[in-house]
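One letter stands for each residue in the lines below.
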Protein chains: 2
Amino acid sequence: MKVIDLERSRKATAVAPSNIAFTKCWGKKDEILRLPENGSISMCLSNLLTTTTVEFSPKYTRDEVIINGGGVEEGEAQRVIKHLDRVRKMAKISLKAKVVSKNNFPIGTGLSSSASGFAALTLATSKAAGLDLSEKELSILTRQGSGSACRSIPGGFVEWLDGDTSETSYAVSIFPPDHWAICDVVAIVSEGKKEVPTSVGHKAAKSSPFMSIRLSHMKEKDKLVKQLIKEKNFKSLGELAEAEALELHAIMLTQYPPLIYWTPGTLKIMKLVSHWRAEGIPVYFTINTGQDIHLICEQKNVKKVVNKIKSIKEVKEIIVNNPGEGTRLSQNHLS
Amino acid sequence: MKVIDLERSRKATAVAPSNIAFTKCWGKKDEILRLPENGSISMCLSNLLTTTTVEFSPKYTRDEVIINGGGVEEGEAQRVIKHLDRVRKMAKISLKAKVVSKNNFPIGTGLSSSASGFAALTLATSKAAGLDLSEKELSILTRQGSGSACRSIPGGFVEWLDGDTSETSYAVSIFPPDHWAICDVVAIVSEGKKEVPTSVGHKAAKSSPFMSIRLSHMKEKDKLVKQLIKEKNFKSLGELAEAEALELHAIMLTQYPPLIYWTPGTLKIMKLVSHWRAEGIPVYFTINTGQDIHLICEQKNVKKVVNKIKSIKEVKEIIVNNPGEGTRLSQNHLS
C-alpha cells in the first residue's frame, strides 16, 4: 500500500464493493462491537460500488457527510461521524472531516449499501488520517461501523470468521475473484427504502422462537458452503443459498415485531425462479434483509436470466455482477 | 336429527361452512388417519359454504362426482370415492352414488374448500346411507377425508382436540356463533389453484428444522387462544393469529422443497394491514396454506376494512363472514 504524505495531503478516496452473502448473518453476540451470532460466506460484487472521499482539514469546523450529492439523516450522519472518531482515535488526530460518498445503486433496499459504504469509508478515512492498516485491521475496523461491511474489504469469495472477540471477528478471502465464473444478477424491484433498517431488526432476532435452532446449524452450513465453492458445485450452492435466504426471512417473519421485507415484486420473482429452473435455466435466488432480489447463475447463463427478468414490470433496474475485487484506493477524488 | 326412511329415499343434502383457524395445523402424526401434529382453534365462516347432495341408487353403475357443475381430476374423485367407501362400510351398503357439490367461493386457493367440502360430503353421505351419526362421529369421519374439515362440523368457535387416536381426534364447539361479533373479511387475490396442494405439503412439514420448536409450544398457544376468545380480547387474539400465520408460513418456507404460497397480492395486503392499524383500524391478517388473505376485525369495523381492500387491484372478490353455524342438512337438493 502507498504511504500518504501527511504534510501534503489529508485526502483519500476508496472504492468498495457491496457483497452478497450465501450464508447470512442475523442477530448479534455483541451489539456494540457488532459481533454476529455466526460466521458467514459471501462474494464481492463487481458492479455495486461505493466511492468515498474523506478529507481531514483545519478548514472544517465540523464533520460534514454528503451521500449521493445530498445531506443525510441525523442518525446516519452520527453513525459515520462515530466511525471517523474511531479512526481519529487510532491516528491521534482531532481534525474535522468532509466525507463525500457516491453509490452507483439504490441504498436501503437490500443491496447492502452499508457494506460498500462503510468499507469505502474505512479505507478512505484511515488513509486520509495517515494510517496504513493491514487488510485484517481494516476489516475489524470496518465491522465496527457496519457488521457485514467487513466482508467487503477482502476480494472475491470471502469468509467472515466466527470470532468471539473484536480481534478475531473479521473477514478473509477464501478464493480470488477469478476462482469461479458465477454471477449475481441483481433485480431492483423498488427504489423506496425499507421500512425497518437492518440494524433495528438485528436486535430482535432472538425474539424468533426459531433462532436457537438456526444458530445450532450455522457452523455446519458455512463449512458446506466453503466446500461447494471450492468444488464449484453450482447446483448445490444454489439450493443451499436459496434455502438459507428463506431461513433468514423465516426468522425475521417470526420475530416480534415481525419483519416483512419482501415486496410483491420480490415475491413474484422468487416464485418465477423455480419455473425458470423447470425450463432448464440453472438459477437460484437469494435475498438480504431487504426487497431487492439477487439471482445467482453461472456466467454462461447470464443472458438467459437477464432476458427473463427484463420483461417483469416491477423490475426497475438490472445490475450484473461478477465476483469482484475488495476495497481499494482510487485517484479520482469526489468533492 | 331427522331419520331418513331408507325405503323411500337414499338422497340427502348438506350445507357446510369453511373455517378459519386462529392456530393452524401443519404436519401429521398419522398420515392415514389424518391425525395432526397439534390441536387447533378455528371459527366457522357464515358465507363460505359448500352444498353437497349425495344419492345412493341402484341406477348408478359407478360413483360419479360433480363439483361446481363439472367433473373433477382423477385424484380428487378418488379421494371422494374413498370417503363414500368409509360410509358404505359403516352402513353396510354397496350402492354406487352420485355426488353433486357446489361452492359459493373459489376452491384450492387457501379458503379451505376441502374443509367445507368434506364436512358437507360426510353429513350428506351418512344421511343418504341411512346413518344417524352424532356430531362427534361426524367430526371423526370427516377428519379422515380431510383433516381440518372436522372443524367445520360443529358451529361457532371450535377446537380440534389434540388426540393421539382416531377416536380422540375430533372437533367440538367451544363457543356458539353469537358469542362474539368478530368477522373474517376474506380478500380473494387469485382464482388460480395453488401449485402444491396442502396434502402434499403436510408430508414434508418435518423437513423444516423449526418444526420441533413449533410443536413444543402449540399446546400453550391453543390454551391462550381459547382464553382470549372467552375474554373477547380482540387485540391479543389478532396479534396472536397474525404471528401464528407467519409462523406457519415460516415453517413452509423452510421445508424441503420450500412452499411459497403467498402471491404478490397476498403480500401487498399483509404489509398494508400494519399501516391500517397505525391509522387506527384494529385489523389483523391470517392466511391458510394458500394465497387468499383473511382479515380479522370486529363487526363494527367491517365497513372500514372493506373500504380499504376494495380499491386494491389484486382483490378480485371480498366475502364478509360472521362466526357461522356448523354443518347442517338442507331440503334443497342439487342435481
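Because the structure is a prediction, the values reported are computed rather than measured. (Residues numbered from 1 in each chain as written. Chains lettered and ligands numbered in written order. Predicted model: local features only at pLDDT ≥ 70, side-chain atom pairs only at ≥ 80, totals over all residues. Heavy atoms only, no water.)

Trainee: Can you walk me through the relation of the copies chain A and chain B in this structure?
Mentor: Both copies of the chain are related through a single rotation about an axis accompanied by a shift along the same axis. Once chain A is rotated about the relating axis by 180 degrees and shifted along it by 0.0 Å, it coincides with chain B to within an RMSD of 0.0 Å. On this basis, the relationship between the two copies can be described by a two-fold rotation axis. Taken together, the interface assignments show that 100% of the residues at the interface of chain A recur at the interface of chain B, consistent with an identical surface on both copies. (Least-squares fit on C-alpha atoms with pLDDT ≥ 70 in both. Contact = heavy atoms within 4.5 Å.)

Trainee: Just checking my understanding: could you explain the interface of chain A and chain B for this structure?
Mentor: Taken together, the contacts link 27 residues of chain A with 27 residues of chain B. Here chain A and chain B share an interface that buries about 2200 Å² over both sides, 76% of which is from carbon and sulfur atoms. On the chain A side of the contact with chain B, Phe210(A), Ile260(A) and Lys271(A) bury the most area, a combined 25% of that side's loss. At the surface where chain A touches chain B, the tally comes to zero salt bridges. Inspection of the region where chain A meets chain B yields four residue pairs in polar contact (both at pLDDT 80 or more). For the side of chain A that touches chain B, the secondary structure elements donating two or more residues are helix H5 (211–231), helix H6 (234–253) and helix H7 (264–278) of chain A. (Buried area = accessible area lost by both parts, 1.4 Å probe. Salt bridge = Lys/Arg side-chain N within 4 Å of Asp/Glu carboxyl O. Polar contact = N/O pair within 3.5 Å; in protein donor to acceptor, adjacent residues only side chain to side chain. Helix = DSSP H or I, 4+ residues; strand = E, 2+ residues; numbered from the N terminus.)

Trainee: Quick question: what am I supposed to make of the packing of helix H1 (residues 74–91) of chain B against helix H2 (residues 113–128) of chain B here?
Mentor: The angle between the axes and the distance between the axes are what describe a pair of packed helices. Residues and elements named next belong to chain B. One can describe the packing of H1 onto H2 by two numbers: an axis separation of 10 Å at closest approach and a directional angle of 35 degrees. For the pair H1 and H2, the crossing hand works out as right-handed. On H2, the residues that touch Arg79, Val80, His83, Leu84 and Val87 of H1 are Phe118, Leu121, Thr122, Thr125 and Ser126. Here the contact of H1 with H2 is composed, by residue class, of five nonpolar, four polar and one charged. (Axes fitted to C-alpha atoms, helices over the stretch in contact; angles between N-to-C directions. Left-handed = near helix turned anticlockwise from the far one by under 90°. Nonpolar A, V, L, I, M, F, W, Y, C, P; charged D, E, K, R; others polar.)

Trainee: Would you explain the sheet that holds strand E11 (residues 293–298) of chain A in this entry?
Mentor: Sheets are built from strands paired through backbone hydrogen bonds, the pairs being either parallel or antiparallel. Residues and elements named next belong to chain A. The strand order across the open sheet formed by four strands is E10-E11-E9-E12, and the pairing between neighbours is antiparallel. The open sheet terminates on both sides in strands that have one partner only, identified here as strand E10 (283–286) and strand E12 (317–321). Averaged over all adjacent pairs, the angle separating strand axes in this sheet is 25 degrees, with direction ignored. Of the pairings in the sheet, the one linking E10 to E11 comprises four bridges and is antiparallel in character. Across the sheet, the residue bridging to valine 283 is cysteine 297, located in E11. Helix-sheet contacts for H6 involve strand E9 (182–188), E10 and E11, and the interaxial angle to E10 is about 30 degrees. Packing against the sheet, helix H8 (residues 302–310) makes contact with E9, E10, E11 and E12, and its axis sits at approximately 10 degrees to E9. (Pairing = 2+ DSSP bridges.)

Trainee: Got a minute to help me understand helix H7 (residues 264–278) of chain B in this structure?
Mentor: Because an α-helix packs 3.6 residues into every turn, residues spaced three or four apart end up facing the same way. Its 15 residues place the ends of H7(B) 22 Å apart at the C-alpha level, agreeing with the 21 Å of an ideal helix rising 1.5 Å per residue. Buried residues belonging to H7(B) abut H7 of chain A together with strand E9 (182–188), helix H6 (234–253), strand E10 (283–286), strand E11 (293–298) and helix H8 (302–310) of chain B. In the stretch just after H7(B), Gly280(B) is the one whose phi turns positive, near 105 degrees. (Expected span 1.5 Å × (residues − 1).)

Trainee: I'm lost on the sheet that holds strand E12 (residues 317–321) of chain B in this one. Help?
Mentor: Residues and elements named next belong to chain B. Strand order across the open sheet formed by four strands is E10-E11-E9-E12, with antiparallel pairing between neighbours. Of all the strands in the sheet, the pair left with one neighbour each is E10 and E12. Sheet twist, expressed as the average angle between the axes of neighbouring strands with direction ignored, equals 25 degrees. Relative to E12, E9 runs antiparallel, the two being bridged by five bridges. Its bridge partner lying in E12, alanine 187 is registered against isoleucine 318.

Trainee: For this particular structure, what's the right way to read the state of the cysteines?
Mentor: Working definition of a disulfide: a covalent bond connecting the sulfur atoms of two cysteines. If you walk through the whole model with that rule in mind, you get zero disulfides over all chains. You can see Cys297(A) has no disulfide; the closest cysteine sulfur is in Cys183(A), sitting 5.4 Å from it. Cys150(B) carries a free sulfur, and the closest cysteine sulfur to it, the one in Cys25(B), is 7.8 Å from it. (Disulfide = S-S within 2.5 Å.)

Trainee: For this particular structure, what's the right way to read empty space enclosed by the protein?
Mentor: If a probe as big as a water molecule is rolled over the atoms, it shows which places are left empty. Residue and element names in this part refer to chain B. By the definition in use, this model includes one cavity of 30 Å³ or more. Estimates place the volume of the largest cavity at around 30 Å³. Forming the boundary of the largest cavity are His249, Met252, Leu253, Leu259, Ile260, Tyr261 and Trp262. Of the residues that constitute the lining of the largest cavity, the class distribution is six nonpolar, one polar and no charged. (1 Å grid on protein atoms, 1.4 Å probe; cavity = no way out; pocket = protein on both sides within 12 Å on 5 of 7 lines; lining within 4 Å. Points joined across faces, edges and corners; volume = space filled by probe spheres on them.)

Trainee: Just to check I follow, could you spell out unusual backbone geometry for this structure?
Mentor: Generally, phi is negative for residues other than glycine and the peptide bonds are trans, each holding for most cases. Residue and element names in this part refer to chain A. Here the residue pair tyrosine 256 and proline 257 is connected by a cis peptide bond, since its omega of -10 degrees sits within 30 degrees of zero. Within the element layout of this structure, proline 257 appears in the loop between H6 and H7. Not every positive phi belongs to a glycine, and arginine 34 is a case in point at roughly 55 degrees. You can see arginine 34 is positioned in the loop between strand E2 (28–30) and strand E3 (35–36).

Trainee: How do you make sense of the side chain of Asn321(A) when you look at a structure like this?
Mentor: Residue and element names in this part refer to chain A. When you line up the elements, asparagine 321 lands in strand E12. Polar contacts involving the side chain of asparagine 321 include one to the main-chain amide nitrogen of leucine 48, which spans 3.3 Å. At a separation of 3.3 Å, a polar atom in the side chain of asparagine 321 contacts the main-chain carbonyl oxygen of isoleucine 319. Ignoring sequence-local partners within four residues, the contact set of asparagine 321 consists of Leu45, Ser46, Asn47, Leu48, Ile182, Cys183, Asp184 and Val186.

Trainee: Quick question: what am I supposed to make of the pattern of salt bridges here?
Mentor: All names here are of chain B. Counted according to the given criterion, the structure contains 39 salt bridges over all chains. The residue arginine 88 makes a salt bridge to aspartate 63 at a minimum N-O spacing of 2.8 Å. A residue pair is termed long-range when its members are at least 10 positions apart, and arginine 88 in helix H1 and aspartate 63 in the loop between strand E4 (40–56) and strand E5 (64–67) qualify at 25 residues. By the burial criterion, arginine 88 is buried, and aspartate 63 matches it. Put simply, lysine 308 and glutamate 279 hold a salt bridge, and the shortest N to O gap is 2.7 Å. On the criterion of sequence distance, the pair formed by lysine 308 in helix H8 and glutamate 279 in the loop between H7 and E10 is long-range, its members being 29 residues apart. Since its relative accessible area comes to 26%, lysine 308 is described here as partly exposed. Residue glutamate 279 is classed as exposed on the basis of its relative accessible area of 53%. (Buried < 20%, exposed > 50% of the residue type's maximum accessible area, 1.4 Å probe, protein only.)

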